[in-house]
Amino acid sequence: TEDEGLEHNEEKMWNAYVGVNQRFADAVQDVYQEGDIIWVHGYKLMLLPSMLRLLLPEAAIGFFLHIPFPSTEFYRMLTYREDILNGILGSTIVGFQTFNYARHFFSACSRIMGLESNHRGVDYHRHFTHVTICPVGIDPHIFIKMCKSPVVQRRVADLAAEFKGKVVLIGVDSVLNHEGLIQKFLAFEELLRVKPEYRNKVVLVQVCNLSKRSQSGLLGRLHQLVVRINSRYTNIIGKPSGPVYLITRSKYRDVIQSHAATASEIKPDLLSFDHPIDRSLDKLLPSENGDSFATSISNSLMTYLGSEMNQYPGTASKRFTEAGNYSLLKADADHELCALFAIGDVYIGTSIRAGLNVTPFQYTACRNAVAGTATLILSEFAGVAHSLGGGAMLVNPWDTAGTAETFSQAISLQFNERKQSHAHINNYINMHTSAKWMRKLVTRLNVAHEETSQQSYLRLIEPHELKHSFDATKRRLMVIDYESVLITAQSLSELVAPDKELLSLIQGVCEDKGNIVVVVSCRPKHVLENWLGHITELVLCAESGAFVRWQGERDWTSLLPTSVLNDSRFHSGGIPHVQSIASLATSAASDVPSVSASLCSDISSSTANIDDAIEDESAWYSEILPIFEYYRERTPGSILEVGETNVAWYYHDADDEHGLWQANNLMVSLQEFCNRLPILVMMETKTVRVRLPQVSKAHMLMHVLTKLAEVEKIPDLIFVMACGEDKTDDDMFTLLEPRDETTRKKNKVVKRQKQKTARLQTRKMFSSVGEKNAQKAIDAVKETPLPFPLPRYLFTCMVGVKMTTARGYVAGLQEAADLLREVVAKKE
């Protein structure tokens, strides 16, 4: 049939999923008012955030995923993997139950989408998506109050009498494969096999929640296991009673009927179930009106499977026609569950993969209400296990013998140990309530939205806008960062060499004699010269502004301080390439902590040696190279590039997660060693760099402006465009902003917040001495008066929307190239 075809047609199923999400988006748009908060929950609406972002660009949108986010190795197999990630990344903030789930999300964004991420979130082109960890909780007082109600107290008394002298193990799970019910029953059977003394002492009461997703085949297998266990270990002396009690509950009439029919089909397999379990259950939960358990629990949205199951469908159908008792009946079912929790000595959850299930919290609250102690046995694959930490006993459900042994340990646990474990769990559930969970998420969403809203001052720079200002002037200055603006950043310099199209574009801009084009790169002089040295009309700046080669000149001008220039190393052509310093690397020890420790020990052996190192601003090269080389050798795909003023370690071609992990370790090692040295340690996009603090793009730009005013005798600059990609460009942008007190006071608070957030977002780290010297050098440049009045047409531009001091942005490399193409098109 058509419906059966739909079930197996992935494309049609996906289109249906998209359609459902779109209907939600349209409905939200119809009722949305400015200032509203939109909070999306669950995997069923993972596309909704991006749909809402298109309809409501300024809205605060939160998304919380209650289930685990799969590891990349599994997630990457999905056909529509990019679409799902794009949908989630439309959120202002994304919430996960545990860090593991967030880590998988970061990994998927990095490996599949190629996006940059840090501990705060994911940089998604024009939008920064924040990520937070906020485990869900319960309201314990609700369950405590329910447990103290008269109806539950009567149930507790009945159950306590029924199970007098026995240890009660409680389990509450959905009838789904990933809940690990089969594994739980097999482990319990193993416990009874290897520990005969527990056969008449321990009972397992398992509540199965039925839903439309429940698997009837699984339910049949569970019953066969229950039959087998009860047949082997039922006590036939005195009052017959089996060790396993199986209860099912559901809020759907058709679900009860469906599973009842399934049970009827396997009726022959249940014959050995016999009287013990049925009789004990009839006494276990008697109804208020004297009916049997089957009838009363059907009425209270709860039922169990037994030898008389074939009569339940008609009864359930009849009972569900009495819709007026729905809420009351549901409350009765909750009372029954609370009573079971209250008398349970141990709660067992053996899911093989699950999110943060709050049922163990409910059990703990109920035990607390009756002054009992809660003992939890949880699967190590469950999200709740990571939240509770040492408060629960963890098991691997696939290890049947090991799980059975943990059951035994929990049963024989001493009172003091039970009390200590209960106190730990109880403190957790009182600290992480559902109300606090909601407040935390809403607060973090508001903070993230406020931070994101600060980016709204950035306007998108359109090519036609630039062309209009460009045509109105005759003399123009254009300062452009090479990598990540004109071409995608890579590790090897050979991979970022300009192609014919880019060379043609740059040459086209330089052909206009009214244009002064400055290209800035972090690469060494010889690399930049090989790329663009033949374009004589171009001003080249190497090593992020440390060296400048002016138009029509062959020699490079150094912008380094005189104290550094006096070092003979700079007169001899700089430090040789990394291949020739292999001998330095061999001095590195077998592990990096010892490398850093030994190097720091050499420096800190005497105060005089430290002072000498600080005064000699070039002595640090030979000391830090072994550290860099250590990580280069141990990170496949990474390379080391040594310039005259900096050392850079690139890991663009390394495995994303391993490269980032090694980069963080390298940062720690360098910070430990460089703490007292006047050098700057910083993390850039897939790069760790150490450089002299006196080098900055602000200093380079001031040199260019001074050169134009004093040497080129240009009286005025009406048009200035500066385009960059990272935080180091902000110093250059700030240099071009107005400096009067009115403007400074007006932007003081906003700029402070932007700069603080930008430092966090780029994960920039400085040594104390290096940071101080760098800030001192930049402040000195900013205090120097500009040789020109502020330009009438000023375009400071960042590639991508980020926390920056720039006035505008372009979306990406293609849009940055479009700006230059618009300039070239002026001549045609």
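Residues numbered from 1 in each chain as written. Predicted model: local features only at pLDDT ≥ 70, side-chain atom pairs only at ≥ 80, totals over all residues. Heavy atoms only, no water.

Trainee: So what's going on with the overall build of the chain? Which residues, and what values?
Mentor: Looking only at helices and strands, one finds 35 helices and 26 strands in the chain. Looking at the chain as a whole, 55% of its 828 residues are labelled buried. Considering only residue pairs separated by 6 or more positions, the chain has 73% of its internal contacts joining residues 24 or more positions apart. When the accessible surface of the chain is summed, it comes to about 36500 Å², and 52% of that surface belongs to carbon and sulfur atoms. (Helix = DSSP H or I, 4+ residues; strand = E, 2+ residues; numbered from the N terminus. Buried < 20%, exposed > 50% of the residue type's maximum accessible area, 1.4 Å probe, protein only. Contact = heavy atoms within 4.5 Å. Areas by Shrake-Rupley, 256 points an atom, 1.4 Å probe, with all protein chains shown as cover.)

Trainee: Tell me what's going on with the sheet that holds strand β1 (residues 37-41), and back it up with residues and numbers.
Mentor: Within a sheet, adjacent strands bond to each other through the backbone by hydrogen bonds, running parallel or antiparallel. Within the open sheet, the six strands sit side by side as β1-β2-β3-β6-β5-β4. Their pairing is mixed. Since the sheet does not close on itself, it has two edges, and those belong to β1 and β4 (116-118), each with one partner. If you compare each strand with its neighbour and ignore which way they point, the axes differ by 20° on average. Examined bridge by bridge, β4 and strand β5 (residues 121-124) share three bridges and lie antiparallel to one another. Directly across from Asn118, in β5, lies its bridge partner Gly121. Across the sheet, helix α20 (residues 434-453) lies against β1, β2 (60-64), β3 (93-96) and β6 (127-133), angled at about 120° from β1, the strand it touches most. (Pairing = 2+ DSSP bridges. Axes fitted to C-alpha atoms, helices over the stretch in contact; angles between N-to-C directions.)

Trainee: So what's going on with helix α8 (residues 150-162)? Residues and values would help.
Mentor: Residues separated by three or four positions in an α-helix point in the same direction, a consequence of the helix having 3.6 residues per turn. The end-to-end C-alpha separation of α8 is 18 Å, in line with the 18 Å expected for 13 residues at 1.5 Å each. By the burial criterion, the buried members of α8 are Val152, Arg155, Val156, Leu159 and Glu162. Along α8, the residues classed as buried sweep out an arc of 125° about the axis, all on the same side. Exposed residues on α8 whose side chains face more than 90 degrees from its buried face are Pro150 and Ala161. (Expected span 1.5 Å × (residues − 1). Arc of directions from axis to C-beta.)

Trainee: Describe unusual backbone geometry, and please don't skip the residues or the numbers.
Mentor: The backbone phi angle of Ser484 is positive, close to 75°, even though this residue is not glycine. Along the polypeptide, Ser484 turns up in the loop between β15 (476-481) and α22 (500-510). With a phi angle near 50°, Glu543 is a residue other than glycine that sits in the positive phi range. Secondary-structure assignment places Glu543 in the loop between β17 (539-542) and β18 (547-549).

Trainee: Which residues make up the side chain of Ser379, and what values go with them?
Mentor: Tracing the backbone shows Ser379 in strand β12 (residues 375-379). Taking relative accessible area as the criterion, Ser379 reaches 0% and is therefore assigned buried. Among the polar contacts made by the side chain of Ser379, one reaches the main-chain amide nitrogen of Phe381 at a distance of 3.0 Å. Residue contacts for Ser379: discarding those within four places in its chain leaves Gly349, Thr350, Ser351, Ala385, Val395 and Pro397. (Polar contact = N/O pair within 3.5 Å; in protein donor to acceptor, adjacent residues only side chain to side chain.)

Trainee: Summarise the pattern of salt bridges; cite the residues concerned and give the values.
Mentor: In this structure the tally under the stated criterion is 24 salt bridges. The partner of Arg689 in a salt bridge is Glu684, with the nearest N and O atoms 3.2 Å apart. Classification of Arg689 by relative accessible area gives buried; the value is 2%. Residue Glu684 is classed as buried on the basis of its relative accessible area, which comes to 18%. In this structure, the salt-bridge partner of Asp729 is Lys697, at a minimum N-O distance of 2.8 Å. With a gap of 32 residues between them, Asp729 in the loop between β24 (719-724) and α32 (730-735) and Lys697 in helix α31 (residues 697-710) connect regions that are remote in the sequence. On the basis of relative accessibility, which here comes to 5%, the residue Lys697 falls in the buried class. Among the charged side chains, a salt-bridge network with shared partners connects Glu189, Arg228 and Arg232. (Salt bridge = Lys/Arg side-chain N within 4 Å of Asp/Glu carboxyl O.)

Trainee: Explain the environment of Asn530 residue by residue, including any values.
Mentor: Mapped onto the elements of the fold, Asn530 is located in helix α23 (residues 525-532). Among the residues examined, Asn530 registers a relative accessible area of 63% and is labelled exposed. Sequence separation between Asn530 and Ala497 is 33 residues, and the spatial gap between their C-alpha atoms is 8.7 Å.

Trainee: Provide a residue-level description of the nonpolar core, including the pertinent values.
Mentor: In this structure, Leu532 and Phe628 are the most contacted members of the largest nonpolar core, which totals 71 residues. Sorting elements by how many residues they give to this core places helix α29 (residues 620-633) first, with eight residues. Discounting residues that sit within four places of it in the chain, Phe628 has contacts with Leu640, Val647, Trp649, Leu666, Leu670, Val688 and Val690. Among the nonpolar cores identified, the runner-up in size contains 47 residues, and Cys134, Cys147, Val358 and Ile425 belong to it. (Core = buried A, V, L, I, M, F, W, Y, C linked by side-chain atoms within 4.5 Å.)

Trainee: I'd like a description of the packing of helix α5 (residues 81-88) against helix α6 (residues 99-113), backed by residues and values.
Mentor: In the contact formed by α5 and α6, the axes pass within 11 Å of each other and the chain directions differ by 125°. Relative to α6, the element α5 is oriented oblique. Regarding α5 and α6, the two cross each other, and that crossing is left-handed. Across the interface between the two elements, Arg81, Glu82, Leu85, Asn86 and Ile88 of α5 pack against Phe105, Ala108, Cys109, Ile112 and Met113 of α6. (Parallel < 35°, antiparallel > 145°, perpendicular 65-115°, else oblique. Left-handed = near helix turned anticlockwise from the far one by under 90°.)

Trainee: Now, about the sheet that holds β15: what can you tell me, with residues and values included?
Mentor: With mixed pairing, nine strands are arranged side by side in an open sheet as β14-β26-β25-β24-β15-β16-β17-β18-β19. A single partner strand is all that each edge strand has here, and the edge strands are β14 (459-460) and β19 (557-558). Of the strand pairs in this sheet, β17 and β18 are connected by three bridges, and their pairing is antiparallel. Paired with Cys541 across the bridge in β18 is Val548.

Trainee: Give me the lowdown on a positive patch on the surface, citing residues and values where you can.
Mentor: There is a patch of like positive charges on the surface, built from Lys436, Arg439, Lys440 and Arg444. The residue Arg444 is located in helix α20 in this model. (Patch = residues over 30% accessible without salt bridge, like charges linked within 9 Å, V, L, I, M, F, W, Y side chains within 5 Å. Lys, Arg positive; Asp, Glu negative; His and termini not counted. Charge placed at Lys NZ, Arg CZ, Asp CG, Glu CD.)

Trainee: Requested: an account of the pairing of β12, with residues and values cited.
Mentor: Two faces make up the sheet, and in a regular strand the side chains alternate between them. Where burial is concerned, most of β12 is hidden: five out of the five residues are buried. Alternating residues of β12 divide into Thr375, Ile377 and Ser379 and Leu376 and Leu378, and every residue in both groups is buried. Bridge analysis of strand β11 (residues 346-349) against β12 gives four bridges, and the strand direction is parallel. Looking at the pairing, Tyr347 lines up with Leu376 of β12. The handedness of the β11 to β12 crossover, carried by helix α16 (residues 359-369), is right-handed. (Right-handed = clockwise from strand over helix to strand, strands pointing away.)

Trainee: Let's hear about the confidence of the model for the chain: which residues, and what values?
Mentor: Taken over all residues, the pLDDT of the chain has a mean of 75, while the share at 70 or more is 73%. A low-confidence stretch, residues 565-617 (pLDDT under 50), is modelled with 69 contacts involving residues beyond four sequence positions or located in other chains. Across residues 748-768 the pLDDT falls below 50, and counting only partners more than four positions away or on other chains, this stretch makes 45 contacts in the model. (pLDDT = per-residue confidence, 0-100.)

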